[in-house]
Amino acid sequence: MLKFELRIISRASIFRNAKPGSWACGPCRRANPRPFLNRGYATEATPGAKPKPYYVTTPIFYVNAAPHIGHLYTILIADILKRWQVLLGNGDAKLLTGTDEHGMKIQQAALQNGLEPQALCDRNCETFKVLAKEANISNDHFIRTTDSAHKQAVQFFWENLNHRGYIYEGKHEGWYSVSDETFYPSSAVQPTLDPATGRKMMASIETGKEVELSQETNYHFKLSAFQDRLLKHYKENPNFIRPQVYMDSIVQNVSSGLQDLSISRPVDRLSWGIPVPGDSTQTIYVWLDALVNYITYAGYPFTPGHEDKSIWPADVHVVGKDITRFHCIYWPAFLMALDLPLPRTILTHAHWTMNHSKMSKSTGNVVNPMFAMARYGVDPMRFYLAMNGGLASDTNYDNSFIVRDYKHSLQFGLGNLCSRMMRGKGWNIRECVIAVTGSNDKLRVEGTEELDHRAFLEEAPVLVSKQMDELNPRRALEEIMRIIEQTNKYVQDAAPWRLAKMTDDPKSSERLTGVVYNTAESLRIAGILLQPFMPGKAKELLDKLGVEQDIKKRSFTAATYGFDLDYGTPSEPLGEGKKGTLFPPLLTED
Ligand code: MSP
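This is a predicted model, so every value here is computed, not measured.

Asks: Any details on the sheet that holds strand β15 (residues 279-284)? Residues and values, ideally.
Replies: Strand order in the open sheet made by the three strands is β13-β15-β14, with antiparallel pairing throughout. This sheet does not close on itself; its edge strands, each paired only once, are β13 (264-266) and β14 (275-276). With two bridges joining them, β14 and β15 adopt antiparallel strand pairing. From the neighbouring strand, Val276 faces β15, where its bridge partner is Asp279.

Here you go:
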């Protein structure tokens, strides 16, 4: 457990630096304080009212360096969750991503680059915007912590914490890590050798990042006052932190005691940030600033009387395991202090490693996601990351595994099944769909193998949905790929190409119809379910299968055996050669 060692030397008024009579905290300044300051906030929609839109967030990215595969992974998981909601019919689901632009890390990076911090942020935030666009991320907004609306939200947030008596001034002594943007107590640091240069330094035991001793007077948040409330919240909301392993570790940390938190830094050390309201000698701590982004987008400060119009609380914050403390302890405590609703779930994932060490821009062992997508394709990369990335366990990034997955699951699995079905000479998918669904009230599918496969297809979407409910996209994707695997076996055994030759045997042609229909249904159902994971390839597949573009025909409900009576005529030519294959051979196969 990390504890902050505070020596409180003064409880001097927060107003110390305010010009007499000129400054008071915002809430006091207002003649009519905002009503929501003193009221609880309805987290649940009133009965009968339209539920608020589903809201999922990614962490916001530091702009001191370029994006890497770990960043793409975190944003991808959030995108899959949002797209899944859209598939379920929640078309107003929202996804927020963006950049974290203040703090020591950015201040130092700007200095090293000979740029003004704002210029560095303007330049580097673009790389994250491009990443989101190139990776086909469906974010509804891209927030920057240098946006003026956000700065105002943070200052308002601060003023309210202060107004409620949760902020005090004190002397702080601790080890600060610029890389982690956090203070560590002396029990959490140790002498070590810089792996790159051999230089002796002090570093965090948890992250290995260099720390420097600092003594300063700054503002503190009364985090220690929230220990019991936090523990109660964890207990009453077992899904608050997922997977369970992270919940267990946070509960253990909080149970062992919380120290108050330093939430500002003297401006002569940190000038690149949001000034503390009423005290121009202090800059707001970057993590407090950054966490507020989630409510800035939701409209904070919420308009009195219109709180229920907000998308807050977030349904899911997706975060990497290195930032659970900030999201699972500090953030809920800040929100509790203001009686604001807490996010419903913090979905935590493990790390991507390179040669079994965490991929990180400060270590330099990073993979550029833009190069990887250019090399293997956007959807194959989305597939590889979603299929291999872990929530509880780290995954080692390996090009040979990307190629392995591409060939095995996509090219020879899904791609091959499509080609077999759509290019088969002895049948016509549309005719088989009409033959089986024609009578409308009863699907004409007979024979043990066909009925077994039908039963399998009826069950498969339920299993996928169960995994998505559990917020486990990887397991959900495995279930979808099971449809492909199972159907390939089914087609292999049924050998429709042989049945198609037995034209004078009525039983064979009847079976052929059933086999083609079942296989087309497998592809249609899998194609619909794959949309959140591989939106581009899933669209191509559904278009080739002639599934109407109408959202009703591509929704989760439509992923039901026998649902669609109208498909089977490709809405675009299948194409010849490479153009006709969903997953052409890779150009480079190392
Ligand atoms: N700015 C903070 C987040 C503030 S959220 C209010 C931050 N930024 S970051 O750029 O360092 O990291 C962004 C996300 O990428 C974090 O969730 C982090 O866990 C994730 N990853 C960074 N390296 C990673 C891997 N090697 N693997 C997987 N995810 C990793 O933290």
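Structure's up, so let's keep going.
Asks: Please provide a residue-by-residue account of the environment of Ile525, values included.
Replies: Residue placement: Ile525 occurs in helix α18 (residues 506-530). Remark: the alpha-carbon pair of Ile525 and Ser555, spanning 30 residues in sequence, is separated by 9.8 Å. Among all residues touching Ile525, those that are not within four sequence positions of it are Leu457, Pro461, Ile483, Ala559, Thr560 and Tyr561.

Asks: Outline the packing of helix α2 (residues 69-87) against helix α15 (residues 448-469), supporting the account with residue identities and numerical values.
Replies: Where α2 contacts α15, the two axes come as close as 11 Å, and the packing angle between them is 125 degrees. When the interaxial angle is binned, α2 and α15 end up oblique. Judged by the sense of rotation from one axis to the other, the crossing of α2 with α15 is left-handed. On α15, the residues touching Ile80, Leu81 and Trp84 of α2 are Val464, Ser465 and Met468. Residue classes in the contact of α2 with α15 are distributed as five nonpolar, one polar and no charged.

Asks: How would you explain the packing of aromatic side chains if you had to name every residue and give the values?
Replies: One pass over the structure, following the stated rule, counts 26 aromatic pairs. Plain terms: the ring middles of Phe157 and Tyr300 are 5.8 Å apart, the flat faces sit at 70 degrees to each other, and that makes the pair edge-to-face. One end of the pair, Phe157, is in helix α5 (residues 148-163); the other, Tyr300, is in the loop between α9 (293-297) and β16 (316-320), and 143 residues separate them in sequence. Take Phe157 and Tyr300: they sit in the same class, and that class is buried. A cation sits over an aromatic face here: Arg404 above Phe401, 4.1 Å from the ring centre.

Asks: Go over the environment of Thr197 with me, naming the residues and quoting the values.
Replies: With respect to the helices and strands, Thr197 occurs in the loop between β8 (189-193) and β9 (200-204). Judged by its relative accessible area of 57%, Thr197 is exposed. In this structure the side chain of Thr197 is engaged in a polar contact, spanning 3.2 Å, whose partner is the side chain of Asp194. One polar contact links the side chain of Thr197 to the main-chain amide nitrogen of Arg199, over a distance of 3.2 Å.

Asks: Can you tell me about the pairing of β15, naming the residues and giving the values?
Replies: The side chains of a regular strand alternate, first on one face of the sheet and then on the other. Two strands pair when backbone bridges link them, and β13 and β15 are joined in this way by three bridges, in the antiparallel orientation. Across the sheet, Arg265 pairs through a bridge with Thr283, a residue of β15. Counting the residues that bridge the hairpin from β14 to β15 gives two residues, and of these Gly278 lies at a positive phi of roughly 80 degrees.

Asks: Can you lay out the site of the ligand for me, pointing to particular residues and giving the numbers?
Replies: Around the ligand, 25 residues are found, and the nearest of them are Ile60, Asp100, Asp322, Trp352 and Met359. Within the contact set of the ligand, an oxygen atom lies 2.5 Å away from a side-chain nitrogen or oxygen of Asp322. Trp352 has a polar backbone atom sitting 2.8 Å from a nitrogen atom of the ligand. For the ligand, the protein covers 97% of the area, taking 660 Å² as the surface of the free molecule.

Asks: Please give an account of the sheet that holds strand β18 (residues 352-354) that cites residues and values.
Replies: Here three strands make up an open sheet; going across it, the order is β19-β18-β20 and the pairing mixed. At either margin of the open sheet sits one strand with a lone partner, and together these are β19 (357-358) and β20 (395-396). Pairing geometry for β18 and β20, over two bridges, is parallel. Bridge pairing links Thr353 to Asn396 in β20.

Asks: Could you give an account of unusual backbone geometry, with specific residues and numbers?
Replies: At the junction of Arg242 and Pro243, the peptide bond is cis and its omega measures out at -10 degrees in the coordinates. Secondary-structure assignment places Pro243 in the loop between β11 (241-242) and α7 (244-255). The linkage connecting Trp312 with the following residue, Pro313, adopts the cis geometry, with an omega of 5 degrees. Assignment of secondary structure puts Pro313 in the loop between α9 and β16. Of note, Asn355 is a non-glycine position whose phi angle comes to about 50 degrees, a positive value. Mapped onto the elements of the fold, Asn355 is located in the loop between β18 and β19. Located in the positive-phi region is His356, a residue other than glycine, with phi close to 65 degrees. Among the residues examined, His356 registers a relative accessible area of 66% and is labelled exposed.

Asks: Which residues make up helix α4 (residues 117-134), and what values go with them?
Replies: In this model, α4 (18 residues) spans 26 Å end to end at C-alpha, consistent with the 26 Å of a helix rising 1.5 Å per residue. Asn136 occupies a position one or two residues after α4 and carries a positive phi of about 60 degrees.

Asks: A description of helix α10 (residues 324-337) should follow, citing residues and the corresponding values.
Replies: Between its first and last C-alpha atoms α10 spans 19 Å; for 14 residues at 1.5 Å apiece the expected length is 20 Å, and the two agree. Considering bend angle alone, the principal kink of α10 is centred on Tyr330 and spans about 30 degrees; proline Pro332 follows within four residues of it. Of all 14 residues in α10, 14 are buried; the element is thus mostly enclosed. Asp339 occupies a position one or two residues after α10 and carries a positive phi of about 55 degrees.

Rules used in this analysis
- Residues numbered from 1 in each chain as written.
- Predicted model: local features only at pLDDT ≥ 70, side-chain atom pairs only at ≥ 80, totals over all residues.
- Heavy atoms only, no water.
- Pairing = 2+ DSSP bridges.
- Helix = DSSP H or I, 4+ residues; strand = E, 2+ residues; numbered from the N terminus.
- Contact = heavy atoms within 4.5 Å.
- Axes fitted to C-alpha atoms, helices over the stretch in contact; angles between N-to-C directions.
- Parallel < 35°, antiparallel > 145°, perpendicular 65-115°, else oblique.
- Left-handed = near helix turned anticlockwise from the far one by under 90°.
- Nonpolar A, V, L, I, M, F, W, Y, C, P; charged D, E, K, R; others polar.
- Phe/Tyr/Trp six-rings, centres within 6.5 Å; stacked < 30°, edge-to-face > 60°.
- Buried < 20%, exposed > 50% of the residue type's maximum accessible area, 1.4 Å probe, protein only.
- Lys NZ or Arg CZ within 6 Å of the ring centre and 35° of its normal.
- Polar contact = N/O pair within 3.5 Å; in protein donor to acceptor, adjacent residues only side chain to side chain.
- Near = heavy atom within 4 Å.
- Areas by Shrake-Rupley, 256 points an atom, 1.4 Å probe, with all protein chains shown as cover.
- Expected span 1.5 Å × (residues − 1).
- Bend = angle between axes of the 7 residues up to and from the residue.

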